[in-house]
Amino acid sequence: MPVFPPSGILRSWLLRLLAGAALGLLLFAGESWLLLRSGVVGMGIPVDGPYAALMAAVRPVVPGLLLRVASVYAVAGAVLAAAATLLARASGRGGALVTLGQGLVLFALLAWDRAIARPALFDDLPALRPLLAWLVDHGEPWHPRAIAVAWLVGHAAVWVWRTRCWRRALWLGAVAAGLAAVLVVGQGTAGRGGQAHPLVVVIGIDAFRPDRLKSQGGSGVVAPNVERLLEDATLFTHAYTPIAQTEPAWRSLLTARWPHATGVRYSLTSDSRMQLQRTFAESFAQAGWRTVFATDCSRFHAEGPASGFETRLQPPRGAVNFLLEKLRYRALGFFADHALGAAWVPEFIDNRALAGIHDPMGYSRRLASRLVDEASQGPTLFAFHATAAHFPGDPVHPFYRRFVSPSEPLERRLRMHFAPVSPGAKGGWHRAGAEALYDELIAQADAQVGTLLDALRRAGRYDDALIVLLSDHGESFHADREDLAGATPVHGARLSEEENRILLAVKPPRGRGTMPASVDALVRLVDVGPTLLELSGLPRLPDDVDGVSLAPLLRGEPLAPLALYAETGFTHVLPEVFDPGHWPGAPRAFDAYRIRPDGVVEMGPEAHEGILQEKDVGAFDGKRWWVDRPRADGRVLRSCTGDCEGPDALALETWLDGVQGRTERGGWRKVAGHVDDSGSPQSPGTLRPPEQLLRLRPGQPSGAAHPQPRGG
């Protein structure tokens, strides 16, 4: 006849679990109080205008979001209470105070581990800074784990000694070892076997400058996984983006069109201004392929239905995401940084915007598993946008020890710090330090890429996959301006080698083979889509696209020389900082944006018109730049740098005139479901009338320019 445990034991366990859950909720309440007290969640700010729209957009979702966060704290508290109870009873002292002490030890070990792994989780707590600084310099992940193992082994030894259960202990140890072996073997063989469906993988590393590659003059230690891929790929050494900002660059990538033809010309472009054009992802989807887009940051780049991707894995778009940056429930960073937590509160755990809470390496492992799973179910196009080099820019272990000097202030080592860029204002740092932090973040993104590629190798899918590795833009550290040395880096502010030159490499199925290791011809981001479609044997995009297939270059065949159209984006830097006398630009305050009823943040109509008038536009053929810059007096200055004489220079200038006027007026179409309340007509196409053109020839003083006829 079975003997049931006494009801008193069940009651004791239940009370302790409830007490642990209550302590977890108490921690949640404490963190909530600190957030409200500091005012970071919007308390005490004006609630009129855009702020009223912001609060109205987030108010409906906040209660449910906070309820899920609170449930994480409650469950974590109960789990810690259960573990503490087991440890207390194993030691033979199961009192409430002993159990509480055991729980605090476990909590401290967990916090210790996370402080080493992701120190930005605690860098805004002044009381912990001395301890955090020591951990950043000297802490290793094995330190807290070794203490934890010793702690557990000690309690197990005491329990065995007390109960004399030697055989049971050995049996439990064997079972645990067996389970661990099964898990390891299972992870190593996941995804093997089955039919090898066609697979195309597009990986974009945000802000990757190709001069970090060994073959392009770099050290070769910043991105070892990229370097390894290049052994099997063709590298395009002169690849350029038409606009050095993520959202418009990706739209040009997807549609194979210049920004002024897509309608997306800066971050947070209104959907109503987007041209609904066919994307290469849509072509793959219509051919029966699975199409997936993933990113861990959607504040300034989120893909919607118009992208053509049927599955889009990204943090919530709009006002809610900007609010999440302020909800620093830091205990989520060590209670929920795993697959279960990511499934329950993905807005926090899979969100790059949350410094310290987001675990980039755990995220990449989960994404790699998703990639292998998608590839096993049918022909798959999988695109991933890695955003480690973007704000908040918090490198995790071991990357925060790679390049930034240990003598730098702690706050500079652990995350990016924004400061307005103005002459003489260096942001409190120096260029070498800013570039070193950038290299650490690029190394972190490279490790994420390596996780995906290693998963493909383990699954036996790397060799037969078509893989394209690219960056959407570069990054400028103001190398030509000593007065800006160390100021906040920027991209999209100028047309330049630093900002517009990108990484582009193609690994075909079964490796490079006889294909060239590198191609020196000028190519563009808009050429990627046509290339993927041709290499995959799918129908081309419409004939009027601006991109062309690079397949002939990959085969070692000639291709007619290409030219790049480029324009600046909209950044935090006023254009006159780099170009005195430039048109003063668009508004940069919060009221430049508007918040739709569905919570999506967009650029307002007044700012939109200002941004278009502020833009520099130009053409580049590898030897010369022709650039039009709007002046404060309403005219436009055209200048040339490089080899500016002869028929080739004239041909490029004529091409620039032609490409700017390609977009037909009145061709704007809304994205389905968008509520357009702008009430103002749009004016695509050229904004610079020919009669306002000034020309600056090489050697001519940059002061007073003189009008000249076009082509003269």
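Up top is the structure these notes are about.
The present account deals with the structure reproduced in this document. Computed from a prediction, not measured in an experiment: that's the story for all the values here. (Residues numbered from 1 in each chain as written. Predicted model: local features only at pLDDT ≥ 70, side-chain atom pairs only at ≥ 80, totals over all residues. Heavy atoms only, no water.)

## Some words on the nonpolar core
Keep this limit in mind: To define a nonpolar core, start from buried Ala, Val, Leu, Ile, Met, Phe, Trp, Tyr and Cys residues and group those joined through side-chain atoms within 4.5 Å. To sort residues, take the accessible area from a 1.4 Å probe on protein chains only and compare it with the maximum for the residue type: under 20% means buried, over 50% means exposed, and anything in between is partly exposed. Throughout, a residue-residue contact means that at least one pair of heavy atoms, one from each residue, lies within 4.5 Å.
If you look at the biggest cluster of nonpolar residues, it comprises 59 residues, and the most contacted ones within it are Phe236, Phe284, Leu381, Leu504 and Leu532. Once residues within four sequence positions are removed from consideration, Leu504 is found in contact with Thr234, Leu235, Phe236, Ala239, Val468, Leu469, Leu470, Val523, Val528 and Leu550. Of all hydrophobic cores here, the second largest spans 50 residues; its members include Ile205, Ala294, Phe384 and Ala445.

## Description of the pattern of salt bridges
Oppositely charged side chains are able to pair whenever their charged atoms sit close together. Applicable threshold: In the sections that follow, a salt bridge refers to a side-chain nitrogen of Lys or Arg positioned within 4 Å of a carboxyl oxygen of Asp or Glu. Only DSSP runs of H or I covering at least 4 residues are called helices, and only runs of E covering at least 2 are called strands; the numbering of each starts at the N terminus.
Applying the stated criterion to the full structure yields 49 salt bridges. Asp439 is paired through a salt bridge with Arg212; the nearest N and O atoms lie 2.8 Å apart. Here Asp439, found in helix α18 (residues 431–458), pairs with Arg212, found in the loop between β1 (199–205) and α8 (224–230); they are 227 residues apart in sequence, far enough to count as distant. Judged by its relative accessible area of 13%, Asp439 is buried. Residues Arg588 and Glu614 are paired through a salt bridge, measuring 2.9 Å at the closest nitrogen-oxygen approach. With Arg588 in the loop between β10 (564–567) and β11 (593–595) and Glu614 in helix α22 (residues 605–614), this residue pair connects regions lying 26 residues apart in the sequence. For Glu614, a relative accessible area of 6% gives the class buried. Connected through salt bridges with shared partners, the residues Arg209, Asp211, Arg212, Glu435, Asp439 and Glu498 form a single ionic network.

## Some thoughts on the state of the cysteines
How we decide: A pair of cysteine sulfur atoms is labelled a disulfide when the two atoms are within 2.5 Å.
Across all of its chains, the model carries one disulfide by this definition. A sulfur-sulfur separation of 2.0 Å characterises the disulfide bridge that pairs Cys640 with Cys644. What sets the handedness of the Cys640 and Cys644 disulfide is the S-S torsion sign, and at about -95° it is left-handed. You'll find Cys640 and Cys644 in the same group, each marked buried.

## Some remarks on the packing of aromatic side chains
Here is the rule: Pairing of aromatic rings covers Phe, Tyr and Trp, the last counted by its six-membered ring, and requires centre-to-centre distances within 6.5 Å; plane angles under 30 degrees mean stacked, over 60 mean edge-to-face, and any other angle means tilted. Definition used: whenever NZ (Lys) or CZ (Arg) falls within 6 Å of the ring centre and also within 35 degrees of the ring normal, the charge is taken to sit over that ring.
Summed over the entire model, instances satisfying the criterion amount to 19 aromatic pairs. Judged by centre distance (5.9 Å) and plane angle (55°), the ring pair of Trp258 and Tyr565 falls under tilted. Here the residue Trp258 occupies a position in the loop between α9 (246–255) and α10 (259–262), and Tyr565 occupies one in strand β10, the gap between them amounting to 307 residues. Between Phe280 and Phe284 the ring centres are 6.4 Å apart and the planes differ by 80°, which places this aromatic pair in the edge-to-face class. Of this pair, Phe280 and Phe284 both sit in helix α11 (residues 280–286), four residues apart, which is roughly one turn of the helix. Arg457 extends its terminal NZ or CZ atom over the ring of Tyr462, reaching a point 4.3 Å from the ring centre. The ring of Phe578 carries Arg494 above its face, with NZ or CZ at 4.1 Å from the centroid.

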